[in-house]
Each structure stands twice: as structure tokens, then as C-alpha cells.
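Residue-level structure breakdown
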Amino acid sequence: MDDLMFRTETGRFLYRVAGVLIHDGRLLIMRDEKVPYYYLPGGKVRLHEGSEEAIKREIKEEIEAEVGIKRLLWVVENFFTEEVNQEPYHEIGLYYLLELQDDSLLERGDEFVMTEQGKHRLSFSWKQLEEIKDVCLYPTFLKERITDLPATIEHLVEYQ
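On a predicted model such as this, the values are computed, not experimentally measured, just so you know.

1. Concerning the overall build of the protein
Looking only at helices and strands, one finds two helices and nine strands in the protein. Listed N to C, the secondary structure of the protein is β-β-β-β-α-β-β-β-β-α-β in terms of helices and strands. The C-alpha atoms of the protein give 15 Å as radius of gyration, which agrees with the globular expectation for 160 residues (15 Å, within 12%). The C-alpha extent of the protein, read off along each of the three principal axes, is 45 × 35 × 30 Å. The buried share among the 160 residues of the protein stands at 46%. Within the structure as shown, the protein displays about 8600 Å² of accessible surface, and the carbon and sulfur contribution to it stands at 46%. Charge separation in the protein, taken as the distance between the mean sites of 20 positive and 33 negative side-chain charges, equals 2 Å.

Here it is as C-alpha cells:
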């Protein structure tokens, strides 16, 4: 795999896609066993892979579900130091509003665990949109903007 991520002497660059899945006023968020915070499903874009293809692939790998893409919400330049490894990141993220293709994901309940490609455990939770502000969720712009999605694509720069 040629993930679009690389390290330098001063930090790590990452090109990432993320999926915004909202159903009945609840947002699907996740975390893996290595981190104490939540984030949106998604992952690294591969070299020569379009971002729409990447988000569909990542969602299929993480939650074994098919999704449709409604639209691109945010293009985010995110500068942060990762909590666990204390490594500085420069991340370019594309955040897509997604829709479920069937109800199989909803049948798993409000919280469920998946094992991605037999490697590590991923915990998923459907959280009420009004509860998101109280959840340890990154990037932090989501806490303010998830309840009022933009009508057109927004470009954001976030320093955490």
C-alpha cells in the first residue's frame, strides 16, 4: 500500500479522508484501543486513489458497510501534536457527508466493536449530536460545526 503519509525530521504529513455518518440525530464516532479520544471513521488516502474512492474503501474496511457519498463538507488543514506519541502532524483532511446503503450497520446497536483486517480493535459509538460537545473528539472543530453542516464546501485551518 502506498498510503499518503510520510515522516520528516520535524513531524509527519498525512492526507486523510473522514466520513460524517449521521442517522436520527446521531453521529458515528470511533476510537481504537491505542488512543483515549474519538475521531470520525476514515483513514489514509493511497497514492493514485481518489478521495471518494478512499472514503468508501476505508468505511468498508472499518465497519464492513457500503456507503454513498452525499457531498464534501470540509477541506481541513490540521496542525496538531498527537496525544499518544507526541509527534507533530500536518494533516490535510477531506470530510465527506455519507449515507448508509442499508440498515445492517444500525442493527449493531448504539455501540459496537470491529476488528479491522484482523489487526486491532475499533470501538464505534452513535452519539447524539448535542452530546458531541462533551466528548473528547478530534479534530475539535467538529464539536462546533457538526450541528450546523455547511451548505457549500468550507476550507478550515485548525491548530490544536
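Next comes the rest of the description.
2. Observations concerning the packing of aromatic side chains
Here a ring pair, both rings aromatic, is described through the centre-centre distance and the interplanar angle of the planes. Following the criterion strictly, the structure yields nine aromatic pairs and no others. With a centroid separation of 5.2 Å and an interplanar angle of 85 degrees, the aromatic rings of Tyr-37 and Tyr-138 are classed as edge-to-face. Taken together, the positions of Tyr-37 in the loop between strand 3 (26-32) and strand 4 (42-44) and Tyr-138 in the loop between strand 8 (120-128) and helix 2 (141-145) put the pair 101 residues apart, joining distant regions of the chain. By relative accessible area, which is 11% here, Tyr-37 ends up buried.

3. Let's talk about helix 1 (residues 51-63)
When the terminal C-alpha atoms of helix 1 are compared, their 18 Å separation across 13 residues agrees well with the 18 Å that a helix rising 1.5 Å per residue should span. Buried within helix 1 are the following residues: Ser-51, Ala-54, Ile-55, Arg-57, Glu-58, Ile-59, Glu-61, Glu-62 and Ile-63. The first or second residue beyond helix 1 is Glu-64, which carries a positive phi of 50 degrees.

4. What to know about the layout of surface pockets
Over the atoms, a rolling probe the size of a water molecule traces out where space has been left empty. Put simply, the largest pocket is a space of about 1200 Å³. In terms of lining, the largest pocket is formed by 38 residues, of which the most central are Leu-14, Arg-16, Asp-32, Tyr-39 and Lys-44. Elements represented by at least two residues in the lining of the largest pocket include exactly strand 2 (11-23), strand 4, helix 1, strand 5 (67-81), strand 6 (88-100) and strand 8. At four residues, the largest contribution of residues to the lining of the largest pocket is made by helix 1.

Reading the values: rules and limits
Residues numbered from 1 in each chain as written. Predicted model: local features only at pLDDT ≥ 70, side-chain atom pairs only at ≥ 80, totals over all residues. Heavy atoms only, no water. Helix = DSSP H or I, 4+ residues; strand = E, 2+ residues; numbered from the N terminus. Rg over C-alpha atoms; globule rule 2.2 N^0.38 Å. Buried < 20%, exposed > 50% of the residue type's maximum accessible area, 1.4 Å probe, protein only. Areas by Shrake-Rupley, 256 points an atom, 1.4 Å probe, with all protein chains shown as cover. Lys, Arg positive; Asp, Glu negative; His and termini not counted. Charge placed at Lys NZ, Arg CZ, Asp CG, Glu CD. Phe/Tyr/Trp six-rings, centres within 6.5 Å; stacked < 30°, edge-to-face > 60°. Expected span 1.5 Å × (residues − 1). 1 Å grid on protein atoms, 1.4 Å probe; cavity = no way out; pocket = protein on both sides within 12 Å on 5 of 7 lines; lining within 4 Å. Points joined across faces, edges and corners; volume = space filled by probe spheres on them.

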